[in-house]
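Now for the letters of each chain:
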Amino acid sequence: NGAKVTGWYQDGSWYYFDKDGVMQTGWLNVSGTWYYLGRSGAMVTGWLKSGNTWYYLRPSGAMTTGWLQIGKVWYYFNESGAMATAWKQVNGRWYYFDESGAMLTGWRQIKGSWYYFNDSGAMLTGWQKLSGVWYHFDSSGAMKTGWLQSGGKWYYLDTNGAMVTGTKTIDGKKYTFDSSGVCKNK
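Below is a short write-up of the structure. (Residues numbered from 1 in each chain as written. Predicted model: local features only at pLDDT ≥ 70, side-chain atom pairs only at ≥ 80, totals over all residues. Heavy atoms only, no water.)

**A few points about the overall build of the chain**
For step 1, the next point in the chain: The secondary structure content of the chain amounts to zero helices and 18 strands.
For step 2, the next point in the chain: By the compact-globule yardstick of 16 Å for 186 residues, the chain is too spread out, its C-alpha radius of gyration being 26 Å.
For step 3, the next point in the chain: Across its three principal directions, the C-alpha atoms of the chain cover 90 × 25 × 25 Å.
For step 4, the next point in the chain: Within the chain, the proportion of its 186 residues that are buried is 39%.
For step 5, the next point in the chain: Partitioning the intrachain contacts of the chain with sequence separation of at least 6 by distance along the chain shows that 25% fall at a separation of at least 24.
For step 6, the next point in the chain: Accessible surface, the chain: about 11,200 Å² in total, of which carbon and sulfur atoms supply 44%. (Helix = DSSP H or I, 4+ residues; strand = E, 2+ residues; numbered from the N terminus. Rg over C-alpha atoms; globule rule 2.2 N^0.38 Å. Buried < 20%, exposed > 50% of the residue type's maximum accessible area, 1.4 Å probe, protein only. Contact = heavy atoms within 4.5 Å. Areas by Shrake-Rupley, 256 points an atom, 1.4 Å probe, with all protein chains shown as cover.)

Take a look at the structure:
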């Protein structure tokens, strides 16, 4: 009918026109929600790579922030909407996201150190019993090996990180460890 369009308009895809009727492109904030409109003006949904940064735009077009599960994979998006990769602290817990943005769980080797991430992806620290075996992870989350003094007692963690019980020869000397891993002759 020739009337000027303002705001959202659907013509196959969704488009946004400012108060003067000018079609918008690129990032757009509408009432506190961010959207991305492609070069044609069409609203983008799904994955979007802008520069070197990945974003996820929900089916409504709204930019995602916080946690999002896609299929069986969990992702985290910063307040800016940027997908997290590598280390990220969320609500006081540390997580690790690989280069695809996928949250890691279970045993993972990162830059030469072993870490364990529980089923919710949180990095573990301190003493942990995993599959019936005790391990110790320092405050950075790295699995410890070798001698460890904890609570004034000595323990020995094998090369695979497992706490030793019974007897073990270490550097040519025989040591005895009780069932809780405490060394009796160090």
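**Looking at the environment of Lys 144**
For step 1, the next point in the chain: Position of Lys 144 relative to the elements: it lies in the loop between β14 (133–137) and β15 (146–150).
For step 2, the next point in the chain: On the basis of relative accessible area, Lys 144 is assigned to the partly exposed category, the value being 31%.
For step 3, the next point in the chain: Measuring from C-alpha to C-alpha, the distance between Lys 144 and Gln 109 comes to 13 Å, with 35 residues separating the pair along the chain.
For step 4, the next point in the chain: Filtering out sequence-adjacent residues up to four positions away, Lys 144 remains in contact with His 136, Asp 138, Leu 157 and Gly 161.

**Describing the packing of aromatic side chains**
For step 1, the next point in the chain: Counted according to the given criterion, the structure contains 32 aromatic pairs.
For step 2, the next point in the chain: Ring plane angle 75° and centroid distance 5.1 Å describe the contact between Trp 8 and Tyr 16, whose orientation is recorded as edge-to-face.
For step 3, the next point in the chain: Its relative accessible area of 29% is what places Trp 8 among the partly exposed residues.
For step 4, the next point in the chain: Using a relative accessible area of 19% as the deciding quantity, one classes Tyr 16 as buried.
For step 5, the next point in the chain: A ring pair is formed by Trp 47 and Tyr 75, whose centres lie 5.2 Å apart and whose planes are at 70°; its orientation type is edge-to-face. Of this pair, Trp 47 sits in strand β5 (residues 46–50) while Tyr 75 is found in strand β8 (residues 73–77), placing the two residues 28 residues apart along the sequence.
For step 6, the next point in the chain: For Trp 47, a relative accessible area of 34% corresponds to the partly exposed category. (Phe/Tyr/Trp six-rings, centres within 6.5 Å; stacked < 30°, edge-to-face > 60°.)

**Digging into the pattern of salt bridges**
For step 1, the next point in the chain: Under the definition given, this model contains three salt bridges.
For step 2, the next point in the chain: Of the charged contacts, one joins Asp 178 and Lys 184 as a salt bridge, the two residues approaching to 3.3 Å between their closest N and O atoms.
For step 3, the next point in the chain: Classification of Asp 178 by relative accessible area gives partly exposed; the value is 22%.
For step 4, the next point in the chain: Note on Lys 184: relative accessible area 56%, which makes it exposed. (Salt bridge = Lys/Arg side-chain N within 4 Å of Asp/Glu carboxyl O.)

**Quick word on the side chain of His 136**
For step 1, the next point in the chain: Here His 136 is to be found in strand β14.
For step 2, the next point in the chain: In contact with His 136, not counting residues within four places along its chain, are Gly 126, Trp 127, Ala 142, Met 143, Lys 144, Leu 148 and Leu 157.

**Section: unusual backbone geometry**
For step 1, the next point in the chain: You will see that Ala 86, though not glycine, has its phi angle at about 70°, which is positive.
For step 2, the next point in the chain: Within the secondary structure, Ala 86 sits in strand β9 (residues 86–90).
For step 3, the next point in the chain: On the basis of relative accessibility, which here comes to 31%, the residue Ala 86 falls in the partly exposed class.
For step 4, the next point in the chain: With phi around 50°, Asp 171 is a residue other than glycine that occupies positive phi space.
For step 5, the next point in the chain: Here Asp 171 is to be found in the loop between β17 (166–170) and β18 (173–177).
For step 6, the next point in the chain: Accessibility expressed as a relative area gives 79% for Asp 171, which makes it exposed.

In short, shape yes, function no, at least from these values alone.
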